[in-house]
Amino acid sequence: MDRTHYRIVIVGSGPAGLTAALYASRAELAPLVIDGMQPGGQLTITTDVENFPGFPEGILGPELMAKFRAQAERFGAATVFDAATAVDLSSRPFRVTTADHGVVTADALIVATGASAKLLGLPAERELMGYGVSACATCDGFFFKDKEIVVVGGGDTAMEEATFLTRFATKVTVVHRRGELRASRIMQERAKANPRIAFAWHSTVVDVVGSKEKGVSAVVLEDVRTRERRTAPAEGLFLAIGHQPNTALFKDALELDETGYVVTAPGSTRTSIEGVFACGDVQDHVYRQAVTAAGSGCMAAIEAERWLAERGV
């Protein structure tokens, strides 16, 4: 950071934030990217990424995000390893308070703070994320061909992911803490009719067995009624218990929906505050893919550029 005022400040440095930075910097707006607590976003904790266009042999998640960053910086984007701790959107220029670099101001703000998968809170779960543990069936299902896997959850998302995973896995066991599912009837019926899907009722996953070298080999299940534990063979664990948008910073500043996602105008990245735009998973609870996040980052930068130009800023 070589100054305290920028025409565009981008909060977040995943695919959405860094794509926004690329487009804004190519428009000679010299944006500032505030990395956040996880520079590069969720892709930095994944291994192989095989569904991002342009990489026919696949690419490691951290390597892909390093390329995103280098490309944005090549055209003049500034990045800072820091976290935004407060925002004031009541007047312009907007004010963003950071943990280590004080207050920066911006004529336009792009929110790209993403969303985090809800986890079970197990130490092994975090250690093995990307090594057999995943929170995205669409992203990682292909890697589990002819394997037995476990899906945790009881809602529509869990049923959808379990059904999708049967394209690859020989067996998918849905682990649910209750004796009945929360999913819609049609999703329940579809999953229960699938011969590759089994159910472990009244159970929770309390440990994951495996290593980064060999991946996941089993999960430890606990019966919530008796507290009895058993080890179930599994080569993959998929978490389908929801996502939490990273919007605490904007709770009282922007319009959020009932689940905490930033509300944007249909077909746009415009938010409830003029001059503030949101892109990526922070406003997308449907697709949650790197490529869609990058696309919305492009949209946000273009809309911010046009908004600034219309006002002669």
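Placed above this text is the structure.
Residues numbered from 1 in each chain as written. Predicted model: local features only at pLDDT ≥ 70, side-chain atom pairs only at ≥ 80, totals over all residues. Heavy atoms only, no water.

(A) Region of the structure containing the overall build of the chain. If you tally the helices and strands in the chain, you get seven helices and 19 strands. Expected size for 313 residues packed as a compact globule is a radius of gyration near 20 Å; at 21 Å, the chain falls within 12% of this value. Projected onto its principal axes, the C-alpha coordinates of the chain cover approximately 65 × 40 × 35 Å. Per-residue burial for the chain yields a buried fraction of 50% across its 313 residues. (Helix = DSSP H or I, 4+ residues; strand = E, 2+ residues; numbered from the N terminus. Rg over C-alpha atoms; globule rule 2.2 N^0.38 Å. Buried < 20%, exposed > 50% of the residue type's maximum accessible area, 1.4 Å probe, protein only.)

(B) Main features of the nonpolar core. Core analysis: the biggest nonpolar cluster contains 32 residues, and I8, I10, L64, F68 and I110 have the highest contact counts within it. Those elements that provide at least two residues to this core are β1 (5-11), α1 (15-26), α2 (61-74), β8 (103-111) and α7 (290-310). Ranked by residues supplied to this core, first place goes to α7 with eight residues. Within the second largest apolar cluster, 21 residues are counted, among which are L32, A106, V111 and A278. (Core = buried A, V, L, I, M, F, W, Y, C linked by side-chain atoms within 4.5 Å.)

(C) Molecular detail of the state of the cysteines. With the rule as written, the count across this model stands at one disulfide. The disulfide partner of C136 is C139, and the gap between their sulfur atoms is 2.1 Å. Measuring handedness by torsion sign, the sulfur bridge of C136 and C139 sits at about 70° and is right-handed. C279 carries a free sulfur, and the closest cysteine sulfur to it, the one in C298, is 10.0 Å from it. (Disulfide = S-S within 2.5 Å.)

(D) Looking closely at the layout of surface pockets. The computed volume of the second largest pocket comes to approximately 290 Å³. In terms of lining residues, the second largest pocket is bounded by 18 residues, among which T264, S268, Q283, D284 and H285 are the most central. Split into classes, the residues belonging to the lining of the second largest pocket amount to seven nonpolar, eight polar and three charged. (1 Å grid on protein atoms, 1.4 Å probe; cavity = no way out; pocket = protein on both sides within 12 Å on 5 of 7 lines; lining within 4 Å. Points joined across faces, edges and corners; volume = space filled by probe spheres on them. Nonpolar A, V, L, I, M, F, W, Y, C, P; charged D, E, K, R; others polar.)

(E) Seen up close, the sheet that holds strand β10 (residues 133-134). One open sheet accounts for five strands, arranged β10-β17-β11-β12-β13; its pairing is parallel. Of all the strands in the sheet, just β10 and β13 (197-200) have a single pairing partner and so form its edges. Looking at chain direction, strand β11 (residues 148-152) and strand β12 (residues 171-175) are connected through five bridges and run parallel. Paired with I149 across the two strands is V172, which belongs to β12. Its contacts with the sheet put helix α5 (residues 156-165) on β11, β12, β13 and β17 (236-239), and the angle it makes with β11 is roughly 170°. (Pairing = 2+ DSSP bridges. Contact = heavy atoms within 4.5 Å. Axes fitted to C-alpha atoms, helices over the stretch in contact; angles between N-to-C directions.)

(F) Inspection of α7 at higher detail. Helix length check: α7, at 21 residues, gives a terminal C-alpha distance of 30 Å against a target of 30 Å (1.5 Å per residue), a fit within 8%. If you check which residues of α7 are buried, you get A290, A293, A294, S296, G297, C298, A300, A301, E303, A304, W307 and L308. Those residues of α7 that are buried are in contact with β1, α1, α2, β8 and β19 (276-278). Backbone geometry just after α7 places G312 at a positive phi near 65°. (Expected span 1.5 Å × (residues − 1).)

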